[in-house]
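Listed below are the residues making up each chain.
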Amino acid sequence: MRIKRLVLLGTGLIGGSFALALKRAKCVDYVVGVGRNPANLARALELNVIDEASGDAATAVAGADLVLLSTPVGQMGGLLQQIAPYLPTHCIVSDAGSTKQDVSALYQQYLPQHLSRCVPGHPIAGSELSGAAAAQYGLYEGRRVVLTPLPESGPESVALLRTLWQACGAEVFEMSALEHDGVFSAVSHVPHLLAFSYMNALLDRHNAPLCLDFAATGFKDFTRIAASHPDMWRDITLANKSAILHDLKANAAQLAALIECIESQNAQGLTEQIVRASTARNQWGRKSR
């Protein structure tokens, strides 16, 4: 499957890596990168992530065969509204948003006549780095991509997206937007929020600089994702509010139980909590290798 003109609405790690992988697989002829940061677009051109830079989403999508929205989810509604009058009828539109119910609703709102060509998606890959300079050819190799097709999504549109992500080296799955948001609240969104919260609690200590000076491997592993993009994670949190609040409250209940064990010197209860978590983590670690 070959795409003549790919337009990235958002030219950073996710969109840039998608473009690089498709270029290497010879699945795309020409890539247009759209963004609000001229320096980032210039860097994307320099690194051959894109072939053309644009600051105007509406004009960029003229003649596009595929549009990928790879911005924070909070920006996607405005972009869909901008491009709606200019999309070619054959053009497929997808996204890389980390939440899917809200993005699916945006497609319904802004592209009601184009829904057969709309396929929401979420590549399960990334890092704490951002921008075009972070884009890499192999980001999606061996990783998973979830597609959450709309009821109106055409089978041929879904098949094209599946083929392109597979050309990037990814394993492609399908699920509903509702199921997606519940799963990724638990395994992605809430872990990020806990890392942010933990870092802020440490920064509130009177001796925070000394603590950071002595922090080592365990701290580094636990807090790595706290370095993630603030705008993106703000938007994800607000977009997936219901599932995230449910999981945060469950985590708060676990912390309360842990505090109770410590306060009451309940060695047996403390041991049981640690063993349960440690056993499950070790089993998952062996399975995921």
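A brief report on the enclosed structure follows.

Definitions and cut-offs
Residues numbered from 1 in each chain as written. Predicted model: local features only at pLDDT ≥ 70, side-chain atom pairs only at ≥ 80, totals over all residues. Heavy atoms only, no water. Helix = DSSP H or I, 4+ residues; strand = E, 2+ residues; numbered from the N terminus. Buried < 20%, exposed > 50% of the residue type's maximum accessible area, 1.4 Å probe, protein only. Pairing = 2+ DSSP bridges. Axes fitted to C-alpha atoms, helices over the stretch in contact; angles between N-to-C directions. Phe/Tyr/Trp six-rings, centres within 6.5 Å; stacked < 30°, edge-to-face > 60°. Contact = heavy atoms within 4.5 Å. Parallel < 35°, antiparallel > 145°, perpendicular 65-115°, else oblique. Left-handed = near helix turned anticlockwise from the far one by under 90°. Nonpolar A, V, L, I, M, F, W, Y, C, P; charged D, E, K, R; others polar. Disulfide = S-S within 2.5 Å. Salt bridge = Lys/Arg side-chain N within 4 Å of Asp/Glu carboxyl O.

1. Comments concerning unusual backbone geometry
- Positive phi, normally seen in glycine, also occurs at Lys26, with a value near 60°.
- Relative to the assigned elements, Lys26 resides in the loop between α1 (13-24) and β2 (28-34).
- Classification of Lys26 as exposed rests on a relative accessible area of 62%.
- The backbone phi angle of Gln265 is positive, close to 55°, even though this residue is not glycine.

2. Describing the sheet that holds strand β8 (residues 144-147)
- What the three strands build is an open sheet, ordered β7-β8-β9; its pairing is mixed. Edge positions in the open sheet fall to β7 (121-124) and β9 (171-174), since each of these has one partner strand only. Neighbour-to-neighbour, the strand axes of this sheet turn through a mean angle of 20°, independent of strand direction.

3. Thoughts on the packing of aromatic side chains
- Across all of its chains, the model carries four aromatic pairs by this definition.
- Relative to Trp165, the ring of Tyr140 lies with its centre 4.9 Å away and its plane at 85°, an arrangement referred to as edge-to-face. You can see Tyr140 sitting in the loop between β7 and β8 and its partner Trp165 sitting in helix α6 (residues 155-167), a full 25 residues away along the chain.
- Relative to Phe219, the ring of Tyr198 lies with its centre 6.2 Å away and its plane at 55°, an arrangement referred to as tilted. Here Tyr198, found in helix α7 (residues 177-203), pairs with Phe219, found in helix α9 (residues 217-223); they are 21 residues apart in sequence, far enough to count as distant.
- The exposure class of Tyr198 is partly exposed, given its relative accessible area of 36%.
- Put simply, the rings of Phe18, Tyr140 and Trp165 touch in pairs and so form one group of aromatic residues.

4. Focus: the environment of Pro123
- Residue placement: Pro123 occurs in strand β7.
- If we skip the residues at most four places from it in the chain, Pro123 touches Ile14, Ala96, Tyr140, Arg144, Val145 and Trp165.

5. So, the packing of α7 against helix α10 (residues 230-239)
- Contact geometry for α7 and α10: axes closest at 11 Å, N-to-C directions at 125°. As far as their axial angle goes, α10 and α7 are oblique. Pair α7 / α10 crosses with left-handed handedness. Across the interface between the two elements, Ser188, His189, His192, Leu193 and Phe196 from α7 touch Trp233, Ile236 and Thr237 from α10.
- Residues of the contact of α7 with α10, tallied by class, amount to four nonpolar, four polar and no charged.

6. Notes on the state of the cysteines
- Counted under the stated rule, the structure contains zero disulfides.
- The thiol sulfur of Cys27 is not disulfide-bonded, and the nearest other cysteine sulfur, from Cys168, lies at 7.6 Å.
- Not engaged in a disulfide, the cysteine Cys118 finds its nearest cysteine sulfur in Cys91; these two sulfurs lie 8.9 Å apart.

7. A look at the sheet that holds strand β4 (residues 66-69)
- Spatially, the six strands line up as an open sheet ordered β3-β2-β1-β4-β5-β6, and their pairing is parallel. In this open sheet, the two strands that pair with only one neighbour each are β3 (52-54) and β6 (118-119).
- Relative to β2, strand β1 (residues 3-9) runs parallel, the two being bridged by six bridges. Bridging across to β2, Arg5 finds its partner in Tyr30.
- Strands β1, β4 and β5 (92-95) of the sheet are contacted by helix α4 (residues 76-83), whose axis makes an angle of about 155° with β4.

8. Observations concerning the pattern of salt bridges
- Across all of its chains, the model carries eight salt bridges by this definition.
- Asp231 is the partner of Arg234 in a salt bridge, and the nearest nitrogen-oxygen pair spans 3.4 Å. Note that Arg234 and Asp231 are positioned in helix α10 at a spacing of three residues, about one turn of the helix.
- Here Arg234 falls in the partly exposed class, since its relative accessible area comes to 45%.
- Look at Asp231 and you get partly exposed, because its relative accessible area is 35%.
- The residue Asp235 makes a salt bridge to Arg234 at a minimum N-O spacing of 3.0 Å.
- Here the residues in one salt-bridge network are Asp231, Arg234 and Asp235, joined through shared partners.

By themselves, these figures tell us nothing about what the structure is for.
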